[in-house]
Amino acid sequence: MEQDQHSPLSALSRPLRLTLLGMWAERLVRCFWPFWTVLLIALSALSFGVQDHLPLEAAWFALVMAIVAALATLWRGLRAFRAPSRAEALIRLDSRLPGQPIAALTDTQAIGGDDPASLAVWQAHRARMAARAAAARPVEPDLKLARRDPFALRYVALTAFVMAMIFGSLWRVTSVEALAPGAGNELAAGPAWEGWAQPPAYTGKPSLYLNDIAEGALDLPVGTRLQFRLYGEVGELTLSETVSGRTGTDVPPASDPLHDFTLLRSGEVTVGGPGGRSWRITATPDMAPSVTPSSTAEREGDGQFTMEFTAADDYGVAAGRVSIALDLPAIDRRFGLAADPEPRDPVVLDLPMPMTGDRAQISETLVDDLSQHPFANLPVAMTFTVADAAGQEGSAEPVRLTLPAKRFFDPLAAALIEMRRDLLWTTANAPRAAQILKAVTHRPEDLIRNQRAYLRLRVLMRDLEAQQVSLSPDARDAFAAELWEIALLVEEGDLASAMERLRRAQDRLDEAMRNGADQSEIEQLMQELREAMNDYMRELAEEAERNPDSQLSQNMEGMEMSGDQLQQMLDELQRLMEEGRMAEAQELMEMLRQLMENMQVAQGEGQGQGQGGPGQQAMRELQDTLRGQQGLSDDAFRDLQDGQEGNEGQRPGQGEGQQQGEGGEEGQTEGRSLAERQQDLRDRLGQLQNGPLPGDGSENGEEGRRQLDRAGRAMEEAEEALREGDLPGALDRQAEAMEALRDGMQQLGEAMAEDQQQQGNAEQGQEFGQADPNGQRDPLGREPGNSARIGSDRNMLQGEDVYRRAQDILDEIRRRSGEQARPESERDYLRRLLDQF
């Protein structure tokens, strides 16, 4: 029977044990929370060092009150605490179960123990109660103290203790010993000292409290600040040192209560007297930084240069610079550089430094653009220097090289940049520069294609010639800035014509091949050539669509060279340049040039035969007006150069007033003044403005009309200046008029293209090229150029080396043209062939 009573309860051992532990925790918390609250508050105050800042009496009072409060709360807790029993745990566990099965399992049958039926019912009842008891779960303790602690003092104490652990120190609790009787006597009985070592901030090393450092060897960086304070009676403690290098009167008495000096060398520091200490200090030197630049500088396509360098320092590089000075012995002192240069300070550039991370070892790249500096493209000496936080500097050996800068491949732009360089070299070169510029612009027809650049150059030449004798540095710099802008305009400038852009790209690339340009420059120029070629092909196709009955359109329909074939020619050209086969690349470039020239002939014929609508007629008349204005400006400039200025701009002399416009409508203007010719051009522009212009109502059309209005006002002001004899002012206004005319024509052209596109006539032609195979050919198998054919229908460049074959043909033509026995007509024909190729 005893076994039957206890076996069901044996399954309750785990929940019963956990419930009993919960009851212990519940009663301990309820009885002793005031006690540990007082303890936490006292420990927090001691950890923050409150006792060190209170008067002795107040500290003693607070300590006694804390002890009394702790004892009182402990006594109250012990008095109220009652240890829970197993029976109480069973009762709590049974109270949470339905029907109190645990109590039923502990009961015994009072009557009917001999009756089998009654006994069977009792056993069934116990089985049901045992099943319920088996589902028992531990009862969680009630640890809530809100009713007992309405002010949450326990949380205040816990928060204070956590803050003390973070910002205070438990070691300060030991300072309570100083409050004990007799502790002050022990402190006053013997002298004490304190010492600190503070390394320089840039080293990143922490400060040291020397009282915690055992005597013996000690390594410290040079520049460490050492401070010592000696307490007690004067003379009982002394300090001696051999690390600061102080001598004579700079050394204070050894018994001074305060010593402050800087570590400069290795030596000893000794605190003499009771409790003294001695250290053998090794001064770790701060090494000077070092820098190693690359031996070469790379030029970017836009004129920037890049130069790599590495620098190192034991504690980190703080800053760096590079000084760029002219390397006079390496300069070829000829032409404009033959004179002695004006003194110029070296160029100083700051070296880039990493914004974050360790600077003990850095690798960076200097990037800058000195294309406009007088040292550009001249031999220079670059000296790299880096410094550390201590002010120490380290320099590398000068790197001697030619300062990379922007290169100009257009011959005129290169000449302007050279004259700019000569002016910046010395103002004594001003007469020579003026003379060369005058020679360059003597016959500008085939050299200067940008009219705006030409006008600006003429104004600059006039001013330079007037000031060349006494050119000031400020004026010299202004001329240099203007020459740079004009050179950029010539090299890259605002070319509205696709054919002009193509010619410029071909000329620049051809000049780059001759001058041995860098690979990056050649790639940039090749990309420019591809873009210009695409624009030109698109313009040809659009022109053929606008004039379907013109000769150009008929020629375009008969051509069979596709854009892909042109692209293959450009790819082949680039491949030859990359392989260094410049001679063959130049021959292919010349073939491409001839191809484009033949296509331009076709374009010219097509434009000449197709009359177009009123808008196209107006655009042609605007072009004639622009040419007329250009010719008038040329005549005015010649008068200014010759000094033939009249009160009204009259040009004396037979035939000097002839208008040079290509339109042919001006005819002979002999005997007419420049002002009258300017008035005629203004009246002609006014008539065009009142007539039909393309783009009526569109944004581009309205902008074009505003530009024409601006051109008319500039022409009127130029006319007034000519009547007053102010040729310089007239030239400026004429330049403004031509610029406004170009802008207006560009806007009107875009408006006309938009109108045509809206009408569905903007489809581009896809093929062009080969002429009729039955046409007549010259002895080399080529079709006549005057019919806009661009080559033979037969592929004459078969073989393993087509360019070598072309060179052989040219050599044979040269040989035959030099044979005197051949007929003069044949030799003349061969010479014409050589002039073409």
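Keep in mind the model is a prediction, meaning the values are calculated, not measured. (Residues numbered from 1 in each chain as written. Predicted model: local features only at pLDDT ≥ 70, side-chain atom pairs only at ≥ 80, totals over all residues. Heavy atoms only, no water.)

**Q** I would appreciate a short explanation of the confidence of the model for the protein in the present structure.
**A** Any segment with low pLDDT has predicted coordinates that should not be analysed in fine detail. With 77% of its residues at a pLDDT of at least 70, the protein reaches an overall mean of 77. Across the protein, the secondary-structure element scoring lowest on mean pLDDT is strand β19 (residues 767–768), at 37, and the one scoring highest is strand β15 (residues 379–388), at 95. Contacts for the low-pLDDT stretch residues 600–611, under 50 throughout, to residues beyond four places or in other chains number 25 contacts. Ignoring residues within four places in sequence, the model shows residues 761–800, a span with pLDDT below 50, making 80 contacts including any to other chains. (pLDDT = per-residue confidence, 0-100. Helix = DSSP H or I, 4+ residues; strand = E, 2+ residues; numbered from the N terminus. Contact = heavy atoms within 4.5 Å.)

**Q** I tried to follow the environment of Arg126 on my own but got confused; where do I start?
**A** Take Arg126: it is sitting in helix α7 (residues 116–134). Assessed through its relative accessible area of 8%, Arg126 is described here as buried. Counting along the chain gives 20 residues from Arg126 to Thr106, while the straight-line C-alpha distance between them is 9.5 Å. (Buried < 20%, exposed > 50% of the residue type's maximum accessible area, 1.4 Å probe, protein only.)

**Q** Any chance you could explain the sheet that holds strand β5 (residues 238–241) here in plain terms?
**A** The strands that make up a sheet are held in pairs by hydrogen bonds between backbone atoms, and each pair lies either parallel or antiparallel. Ordered in space as β3-β8-β7-β5, the four strands form an open sheet in which the pairing is mixed. Of all the strands in the sheet, the pair left with one neighbour each is β3 (216–221) and β5. In this sheet, adjacent strand axes meet at a mean angle of 20 degrees when their direction is disregarded. (Pairing = 2+ DSSP bridges. Axes fitted to C-alpha atoms, helices over the stretch in contact; angles between N-to-C directions.)

**Q** Please explain the nonpolar core as it appears in this structure.
**A** If you look at soluble globular proteins, the nonpolar side chains tend to sit buried side by side. Formed by 27 residues in total, the largest nonpolar core has its most connected members in Leu416, Leu423, Leu437, Leu457 and Leu464. Sort the elements by how many residues they give to this core and helix α13 (residues 473–492) lands first, with eight residues. Counting 25 residues, the second-largest nonpolar core is a separate cluster that includes Val317, Val347, Leu370 and Leu401. (Core = buried A, V, L, I, M, F, W, Y, C linked by side-chain atoms within 4.5 Å.)

**Q** It is not clear to me how the sheet that holds strand β6 (residues 258–262) should be interpreted in this structure. Could you clarify?
**A** The strand order across the open sheet formed by four strands is β2-β1-β4-β6, and the pairing between neighbours is antiparallel. The open sheet is flanked by β2 (208–209) and β6, the only strands paired with a single partner. The sheet contact formed by strand β1 (residues 193–198) and strand β4 (residues 225–230) spans six bridges and is antiparallel. Pairing of Trp196 across the sheet is with Gln227, part of β4.

**Q** What am I meant to see in helix α11 (residues 430–440) here?
**A** Note: α-helices contain 3.6 residues per turn, so residues at a spacing of three or four share the same orientation. Of the residues making up α11, those classed as buried are Ala430, Ala433, Ala434 and Leu437. For α11, the buried positions fall inside an angular range of 100 degrees around the axis, keeping them on one side. Seen from the buried face of α11, the exposed residues on the opposite side, beyond 90 degrees, are Gln435 and Ala439. Where α11 is buried, its residues contact α10 (411–425) and α12 (451–467). (Arc of directions from axis to C-beta.)

**Q** Where do I start with the pairing of strand β11 (residues 305–312) in this structure?
**A** Each regular strand carries side chains that alternate between the two faces of the sheet. For β11, a buried count of six out of eight residues is recorded, marking the element as mostly surrounded by other parts of the structure. Two elements, strand β9 (residues 290–293) and β11, share four bridges in a ladder whose sense is antiparallel. Note that in β11 the partner of Pro293 across the bridge is Phe309. Relative to β11, strand β10 (residues 298–299) runs antiparallel, the two being bridged by two bridges. In the sheet register, Glu298 faces β11, and the bridge partner there is Thr306. What sits between β10 and β11 in their antiparallel hairpin is a turn of five residues, with Gly303 showing a positive phi close to 100 degrees. Judged from the eight bridges that link them, β11 and strand β14 (residues 361–368) form a sheet pairing that is antiparallel. Counterpart to Thr310 in the pairing with β14 is Ser363.

**Q** How should the side chain of Arg705 be read in this particular structure?
**A** Counting through the fold element by element, Arg705 comes out in helix α21 (residues 699–723). Setting aside anything within four residues of it in sequence, one finds Arg705 in contact with Gln689, Leu693, Pro694, Gly695, Asp696 and Leu748.

**Q** What is the right way to look at the pattern of salt bridges in this model?
**A** Side chains carrying opposite charge are able to pair once their charged atoms draw close together. Within the structure shown, the criterion is met by 30 salt bridges. Between Asp422 and Arg421 there is a salt bridge, and its shortest N-O distance comes to 3.1 Å. On the basis of relative accessibility, which here comes to 1%, the residue Asp422 falls in the buried class. Taking relative accessible area as the criterion, Arg421 reaches 23% and is therefore assigned partly exposed. One salt-bridge network, in which partners are shared between bridges, spans Arg710, Glu717, Arg733, Glu736 and Asp743. (Salt bridge = Lys/Arg side-chain N within 4 Å of Asp/Glu carboxyl O.)

**Q** What exactly am I supposed to notice about a negative patch on the surface here?
**A** On the surface, Glu298, Glu300, Asp302, Glu308 and Asp369 cluster together into a negatively charged patch. By the element assignment, Glu298 lies in strand β10. (Patch = residues over 30% accessible without salt bridge, like charges linked within 9 Å, V, L, I, M, F, W, Y side chains within 5 Å. Areas by Shrake-Rupley, 256 points an atom, 1.4 Å probe, with all protein chains shown as cover. Lys, Arg positive; Asp, Glu negative; His and termini not counted. Charge placed at Lys NZ, Arg CZ, Asp CG, Glu CD.)

**Q** Even after reading the chapter, I still don't get a nonpolar patch on the surface, so can you show me in this structure?
**A** Together, Phe48, Val50, Leu54, Leu158, Val162, Met163, Met165, Ile166, Phe167 and Leu170 give the surface a local cluster of nonpolar side chains, amounting to about 880 Å² of exposed area. For the nonpolar patch, the leading source of residues is helix α8 (residues 153–167), giving six residues. When you line up the elements, Met165 lands in helix α8.

**Q** How should the environment of Ile813 be read in this particular structure?
**A** Tracing the sequence through the fold places Ile813 in helix α23 (residues 802–817). Given the relative accessible area of 8%, Ile813 is considered buried.

**Q** Can you help me understand the side chain of Thr625 in this one?
**A** Along the chain, the position of Thr625 falls in helix α19 (residues 614–642). On the basis of relative accessibility, which here comes to 0%, the residue Thr625 falls in the buried class. Each residue touching Thr625, except ones within four places of it in the same chain, is listed here: Leu681, Arg684, Leu688, Met715 and Leu741.

**Q** Please explain the packing of aromatic side chains as it appears in this structure.
**A** Two aromatic rings are characterised by how far apart their centres lie and by the angle between their planes. Scanning the entire structure with this criterion turns up nine aromatic pairs. Ring plane angle 70 degrees and centroid distance 5.9 Å describe the contact between Tyr202 and Tyr315, whose orientation is recorded as edge-to-face. Here Tyr202 is found in the loop between β1 and β2, whereas its partner Tyr315 is found in the loop between β11 and β12 (317–326), with 113 residues between them in sequence. Between Phe228 and Phe261 the ring centres are 6.3 Å apart and the planes differ by 15 degrees, which places this aromatic pair in the stacked class. Here the residue Phe228 occupies a position in strand β4, and Phe261 occupies one in strand β6, the gap between them amounting to 33 residues. Assigned by exposure class, Phe228 and Phe261 land together as buried. Through a chain of ring-to-ring contacts, three or more aromatic side chains come together here, namely Trp193, Phe228, Phe261 and Trp279. Of note, Lys406 hangs over the ring of Phe408, and the distance from its end group to the ring centre comes to 5.6 Å. In this structure, Arg458 is placed above the aromatic ring of Tyr454, and the distance from its NZ or CZ to the ring centre is 4.6 Å. (Phe/Tyr/Trp six-rings, centres within 6.5 Å; stacked < 30°, edge-to-face > 60°. Lys NZ or Arg CZ within 6 Å of the ring centre and 35° of its normal.)

**Q** What is the right way to read the packing of helix α2 (residues 13–47) against α8 from this model?
**A** Two packed helices can be described by the angle between their axes and the distance between those axes. Where α2 meets α8, the axes come as close as 8 Å, and the angle between the chain directions of the two elements is 30 degrees. One finds that α2 runs roughly parallel with respect to α8. Between α2 and α8 lies a crossing of left-handed hand. Residue-level inspection shows Trp36, Thr37, Leu40, Ile41, Leu43, Ser44 and Ser47 of α2 in contact with α8, the latter providing Leu153, Arg154, Ala157, Leu158, Ala160, Phe161, Ala164 and Met165. Split into classes, the residues belonging to the contact of α2 with α8 amount to eleven nonpolar, three polar and one charged. (Parallel < 35°, antiparallel > 145°, perpendicular 65-115°, else oblique. Left-handed = near helix turned anticlockwise from the far one by under 90°. Nonpolar A, V, L, I, M, F, W, Y, C, P; charged D, E, K, R; others polar.)

**Q** Help me understand unusual backbone geometry in this model?
**A** Trans peptide bonds make up the majority, and among non-glycine residues the majority have a negative phi. In this model, Ala152 sits at a positive phi of 55 degrees, which is unusual for a non-glycine residue. Mapped onto the fold, Ala152 is located in the loop between α7 and α8. Backbone geometry at Asn377 places phi at a positive 60 degrees, although glycine is not the residue there. As for its position among the elements, Asn377 is in the loop between β14 and β15.

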